[in-house]
Amino acid sequence: MGRKKSPVDPPVCSLCEAPAVMNQQYSRRSLCSTHFINDVEERVFQVIEKKKMIRAGDRIAVALSGGKDSTALLLLLALHLPKWQDVSLIAVTVDEGIHGYRDETIRAAERVAENVGVEHSVVSFQDLFSDNLDTLLKGREEQACTVCGILRKKALIEGAKKVRATKIATGHNLNDEAQSVLMNVLRGDLPRLVRNSGIDTADSFLPRIKPLAEIPEKEVASYLFVKGMFLLLPECPYRGFALRADVRSMLSGLEHRNPGTMLRLMESRKKIEKYLEWEKVSGPLHRCRQCGDPCSGDLCQVCRLLLSLAR
Ligand code: SF4
Ligand code: ZN
């Protein structure tokens, strides 16, 4: 008869009894390094297949900031690449021009792209908008993430078009997605709340996919750690200004006390999406009179923002 498990015994893998490296509270499983790596790789592949994110002939621009999420995304897509017919990857990094932060992460992005043998391209705010983020934000630092988020999305689209990509892949993880759901509720932004979670074409005709959207942040970081690819990089100096910072700490507290909160939040979003159609909520699509991009009004968000920053 085997020895009875004591509460002080180190946790073991639910599948093979090897020492566990991950306790997945929401699935009530502990996993060893091999089963944890397999689990992440398998789930990401399943999400891509289930939501038909990648098709034969696609050229995917992988948004590579150099941080953990985008690094894991590039590794995972490169790993699965041979399974897709005639699909290629190219890494695209946006240089916003953030002093003391971006230069080091760009170097990290270059090294990762080189390691996995993927071509790398950099697109900068300076080239696209004639100024870097630090200059654009002078005197309005509290708006940093709003300004940065809008311009970075545009820069990524332009960077992807430049390398003739057919799709953009971003490294948003489950925490990012759950935070966005809550932020859109708090802002009362229904169109954004019900935007398609699988393949998003709302801001341009270039579809955006999020293959890590069902993987918690902790597991993305652990995946890199177990693979020996985890890097400690500087954090963006504007990070604390965002509404997202408050939502992030609130949600991580809730998830800790009630495991599965983030997954249930995403489920609620899916249910709402079923009843509300994005096209009906957002209204008819127009073209921006300044740049021609798809938008819901007269001017797109980017052109409106650039006008207000110039004032
Ligand atoms: Fe941009 Fe805000 Fe992210 Fe910094 S924290 S890179 S300002 S969105
Ligand atoms: Zn515009």
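In this text the structure is predicted, and so the values were computed from the model without any measurement.

**Some details on the overall build of the protein chain**
Stage number 1. Secondary structure assignment for the protein chain yields 13 helices and 10 strands.
Stage number 2. With respect to the three principal axes, the spread of C-alpha positions in the protein chain is 75 × 45 × 40 Å.
Stage number 3. Here the protein chain, with 311 residues, has 47% of them falling under the buried criterion.
Stage number 4. Put simply, 70% of the contacts in the protein chain that link residues at least 6 apart link residues at least 24 apart.
Stage number 5. Of the side-chain charges in the protein chain, 46 are positive and 39 negative, and the distance between the mean point of each set is 4 Å.

**A word on the nonpolar core**
Stage number 1. Grouped together as the largest cluster of nonpolar side chains are 37 residues, with contacts concentrated most on Ile54, Ile60, Leu77 and Tyr223.
Stage number 2. Elements with a contribution of two residues or more to this core: helix 1 (33-50), strand 3 (59-63), helix 2 (68-80), strand 4 (88-95), helix 3 (102-116) and helix 9 (217-226).
Stage number 3. Residues in contact with Leu77, not counting those within four places in the same chain, are Ile48, Ile54, Val62, Trp84, Leu89, Ala169 and Pro211.
Stage number 4. Residues Val94, Phe125, Leu151 and Cys288 belong to the second largest nonpolar core, which totals 36 residues.

**Concerning the coordination of the zinc ion (ligand 2)**
Angles between donor atoms at a metal ideally measure 109.5 degrees for a four-coordinate tetrahedral arrangement and either 90 or 180 degrees for a six-coordinate octahedral one.
Stage number 1. Within the protein, Cys288 (SG), Cys291 (SG), Cys300 (SG) and Cys303 (SG) serve as the donor atoms for the zinc ion (ligand 2), at 2.2 to 2.4 Å.
Stage number 2. Its four donor atoms give the zinc ion (ligand 2) angles of 105 to 116° at the centre, a pattern that matches the tetrahedral case.
Stage number 3. Residue Cys288 is classed as buried on the basis of its relative accessible area of 4%.

**Quick notes on the domain arrangement of the protein chain**
Stage number 1. Here the domain parsing of the protein chain yields domain 1 (36-276) and domain 2 (284-311).
Stage number 2. A straight line from the C-alpha centre of domain 1 to that of domain 2 covers 23 Å.
Stage number 3. Per-residue buried area on domain 1 facing domain 2 is highest for Ile150, Lys154 and Phe205; these three make up 42% of the total on that side.
Stage number 4. Seen at the junction of domain 1 and domain 2, the total is one salt bridge.
Stage number 5. Lys154 is the salt-bridge partner of Asp293, the closest N and O atoms lying 2.8 Å from each other.
Stage number 6. Inspection of the domain 1/domain 2 interface yields two residue pairs in polar contact (both at pLDDT 80 or more).
Stage number 7. Top element by residues in the side of domain 1 that touches domain 2 is helix 6 (residues 144-162). It accounts for five residues.

**Thoughts on the site of ligand 1**
Stage number 1. Surveying the vicinity of ligand 1 reveals the residues Cys145, Cys148, Arg152, Cys236, Tyr238 and Arg239.
Stage number 2. Looking at the shell around ligand 1 residue by residue, the class counts come to four nonpolar, no polar and two charged.

**A look at the packing of helix 2 against helix 3**
Stage number 1. Between helix 2 and helix 3, the shortest axis-to-axis distance is 10 Å and the interhelical angle comes to 10°. Relative to helix 3, helix 2 is oriented roughly parallel. Residues Thr71, Leu74, Leu75 and Ala78 of helix 2 touch helix 3, and the partners they reach there are Val112, Ala113 and Val116.
Stage number 2. The class makeup of the residues in the contact of helix 2 with helix 3 is six nonpolar, one polar and no charged.

**Quick word on the environment of Met22**
Stage number 1. Note that Met22 resides in strand 1 (residues 22-24).
Stage number 2. The spatial distance from the C-alpha of Met22 to the C-alpha of Arg140 is 41 Å, given a sequence separation of 118 residues.
Stage number 3. Not counting residues within four places of it along the chain, the set of residues in contact with Met22 comprises Arg29, Ser30, Leu31, Phe36, Lys218, Glu219 and Ser222.

**Notes on the pairing of strand 3**
Within a regular beta strand, the side chains point alternately toward one face of the sheet and then the other, so they alternate between its two faces.
Stage number 1. Counting buried positions along strand 3 gives five out of five residues, so the element sits mostly inside the fold.
Stage number 2. Of the two faces of strand 3, the one lined by Arg59, Ala61 and Ala63 and the one lined by Ile60 and Val62 are each fully buried.
Stage number 3. In terms of strand pairing, strand 3 meets strand 4 through five bridges, oriented parallel. The partner of Ala61 across the bridge, within strand 4, is Ile90.
Stage number 4. Remark: the strand 3/helix 2/strand 4 crossover connection has right-handed handedness.
Stage number 5. Relative to strand 6 (residues 167-169), strand 3 is paired through three bridges, and the arrangement is parallel. In the strand pairing of strand 6, Val62 is matched with Ala169.

**As for the pairing of strand 5 (residues 119-124)**
Stage number 1. Where strand 4 and strand 5 come together, six bridges link them in parallel fashion. When the sheet's bridge partners are listed, Asp95 is paired in strand 5 with Ser124.
Stage number 2. Following the backbone out of strand 4, through helix 3 and into the adjacent parallel strand 5, one traces a crossover that is right-handed.

Thresholds applied
Residue positions are counted from 1 within each chain, in the order its sequence is given. Whichever chain is written first becomes A and whichever ligand is written first becomes 1, with later ones labelled in order. Totals for whole chains, interfaces and linings use every residue, but because this is a predicted model, local features are given only for residues with pLDDT of at least 70 and side-chain atom pairs only at 80 or more, for both listing and counting. Only hydrogens and water are set aside when side-chain values are computed; all heavy atoms of the structure are taken into account. Every helix listed is a DSSP run of H or I at least four residues long, and every strand listed is a run of E at least two residues long, numbered separately from the N terminus. Only protein chains enter the accessibility calculation, which uses a 1.4 Å probe; a residue is then buried when its area is under 20% of its type maximum, exposed when over 50%, and partly exposed in between. Contact between two residues is taken to exist if any of their heavy atoms lie within 4.5 Å; hydrogens are not considered. For this count, His and the chain ends are skipped, Lys and Arg are scored as positive, and Asp and Glu as negative. By convention, charge coordinates are those of NZ in Lys, CZ in Arg, CG in Asp, or CD in Glu. Residues belong to a common nonpolar core when they are buried Ala, Val, Leu, Ile, Met, Phe, Trp, Tyr or Cys residues joined through side-chain atoms within 4.5 Å. As a rule, N, O and S atoms within 2.8 Å of a metal are its donors, except that Na, K and Ca use 3.2 Å; water is not among the atoms, so sites may look incomplete. Each label reflects the angles at the metal, where four donors whose angles all fall between 85 and 135 degrees are tetrahedral, four or six donors whose opposite pairs open beyond 155 degrees and whose other angles stay between 65 and 115 are square planar or octahedral respectively, and the rest are irregular. Domain segmentation is taken from an automatic or database assignment of domains. Two parts lose some accessible area (1.4 Å probe) when they are put together, and adding that loss for both gives the buried area. Basic side-chain nitrogens of Lys or Arg form a salt bridge, by our definition, when they fall within 4 Å of a carboxyl oxygen of Asp or Glu. Whenever two N or O atoms come within 3.5 Å, that pair is a polar contact, provided that in protein one can donate a hydrogen and the other can accept it, and provided that, for residues adjacent in sequence, both atoms are side-chain atoms. Consider each residue's heavy atoms; a residue with any of them within 4 Å of a molecule or strand counts as near. Amino acids are sorted into nonpolar (Ala, Val, Leu, Ile, Met, Phe, Trp, Tyr, Cys and Pro), charged (Asp, Glu, Lys and Arg) and polar (every other residue, Gly among them). Axes here mean lines fitted to C-alpha atoms, for a helix over just the part in contact, with angles spanning 0 to 180 degrees between N-to-C directions. If an angle is under 35 degrees, it is roughly parallel; if it is over 145, roughly antiparallel; if it lies from 65 to 115, roughly perpendicular; otherwise it is oblique. At least two bridges found by DSSP between two strands are what make those strands a pair. Think of it like this: strands point away, you trace from the first strand over the helix to the second, and a clockwise trace means the crossover is right-handed.

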